[in-house]
Amino acid sequence: AKHSGRNQYRRFTAPLRDSAQKRLDLLKDLQSALETGQFALQYQPIVDMQSGRVHKTEALVRWHHPERGLISPGEFIPLAEDTGLIVALGDHVFHQAARQLAAWRDTLGTTIDISVNVSPVQFKSDGLRPQAWMDTLRELGLPGSAITLEITERLLMEIDDQTRIRRQAFQEAGLKMALDDFGTGYSSVSYLKSFDIDYIKIDQSFIRHLAPDSEDLALCQAIITMAHHLGMQVIAEGIESQAQHELLRAVGCDYGQGYWYSRPVDPDRCAELLKTMQSGG
Ligand code: C2E
Ligand code: CA
Ligand code: CA
Ligand code: CA
């Protein structure tokens, strides 16, 4: 009985211990990863549903770990948030994406825009300096309106004075604001109005089972109608089939993003996409 008890104990604690250890290891590596340039960006097109043209691309960060290979942001963004490293990482992502955008605009002669994810922890931190971001845009010759910041409902629920001041600085510089993962949190329409959101991104969980006459389609339709009445545009995330694309286009969805158009790709591949899928607009 004693023996089996101990095995029992081991069976329950070993996975816990392993994941805690893995977390610790990653934490340690995360700190040096920024300095040694292990983070790279991929880009995924956001497509105008009516014209089929690329409207903008979303920058998605990737960690190329020297031993573990590719680590997904779902794994390391929470760690970066816990340690505060998200601020430096977020700065890196912003500057990298802005430089890439300026390069594309120069070489491809497009008016393509870019979307950058900003974590709530980052947005609320004093380390986030809108002025430094504006300086970068000015140096690169980019208008603020070329940049969309993607935030989540979590931020809207935790708005404080600093957040408001920062939001206003971005707004005065012309940056746009997208509400990511819409429908998974608890945002109310009043939040949407008070934070002056430009785009709502319908979460992929509402797109996955989309079918004619489905509840999800009715939901999407309601979100689109509400957004349009409030002067916002709608991006549907996670579109993986032509059927989903057609259904959403038919109910007036403005933009689509998902594997059906393209997976997130490296900058070179994205430049080719921008050339073939006529960009701009
Ligand atoms: P997100 O902002 O909602 O990004 C969309 C995620 O869905 C991406 O995962 C993308 O690769 C994936 N996706 C796109 N199309 C499809 C599709 O058709 N089907 C499916 N199943 N998935 C699709 P990824 O790149 O792994 O990023 C995960 C999350 O990590 C992002 O979700 C975002 O919250 C966060 N993230 C990524 N890059 C950054 C960043 O630079 N900063 C911050 N703060 N967060 C980031
Ligand atoms: Ca996003
Ligand atoms: Ca999303
Ligand atoms: Ca607006």
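Computed from a predicted model, the values in this text were never measured in an experiment.

Next up on the list: the confidence of the model for the protein. In the predicted model, the protein carries a mean pLDDT of 91, and the fraction of residues at 70 or more is 93%. Here the predicted complex scores 0.93 on pTM and 0.97 on ipTM.

We now examine the coordination of the calcium ion (ligand 2). Between any two of four tetrahedral donors, the ideal angle at the metal is 109.5 degrees; between two of six octahedral donors, it is 90 or 180 degrees. Looking at the metal site, the calcium ion (ligand 2) is ligated by Glu58 (OE), Asn117 (OD1), Glu150 (OE) and Asp180 (OD), spaced 2.2 to 2.3 Å from it. Each donor residue of the calcium ion (ligand 2) belongs to the same chain, and together they define the spacing E-x58-N-x32-E-x29-D.

On the protein side, the calcium ion (ligand 3) has Asp180 (OD), Asp181 (OD), Glu237 (OE) and Glu237 (OE) as donor atoms, found 2.2 to 2.4 Å from it. Between the donor residues of the calcium ion (ligand 3), the gaps in sequence give the motif D-D-x55-E. A distance of 4.3 Å spans the gap from the calcium ion (ligand 3) to the calcium ion (ligand 2), which Asp180 bridges by coordinating each metal.

So, on to the pattern of salt bridges. For the structure shown, the criterion picks out 13 salt bridges. Close ionic contact of Glu58 with Lys201 constitutes a salt bridge, the shortest N to O distance being 2.9 Å. Pair noted here: Glu58 is in strand β2 (residues 54-65) and Lys201 is in strand β7 (residues 199-202), with a separation of 143 residues, a long-range link. Each member of the pair, Glu58 as well as Lys201, carries the same accessibility label: buried. Here Asp135 and Arg138 are joined by a salt bridge, their closest N and O atoms 3.4 Å apart. Taken together, the residues Asp135 and Arg138, both in helix α5 (residues 130-140) and 3 residues apart, mark about one turn of the helix. In this structure Asp135 comes out as partly exposed when scored by relative accessible area, which is 28%. What you see here is one network of salt bridges that share partners, running through Glu58, Glu150, Lys201 and Glu237.

Here is what the cut-offs are and how they apply
Residues numbered from 1 in each chain as written. Chains lettered and ligands numbered in written order. Predicted model: local features only at pLDDT ≥ 70, side-chain atom pairs only at ≥ 80, totals over all residues. Heavy atoms only, no water. pLDDT = per-residue confidence, 0-100. Donors = N, O, S within 2.8 Å, 3.2 Å for Na, K, Ca; no water. Salt bridge = Lys/Arg side-chain N within 4 Å of Asp/Glu carboxyl O. Helix = DSSP H or I, 4+ residues; strand = E, 2+ residues; numbered from the N terminus. Buried < 20%, exposed > 50% of the residue type's maximum accessible area, 1.4 Å probe, protein only.

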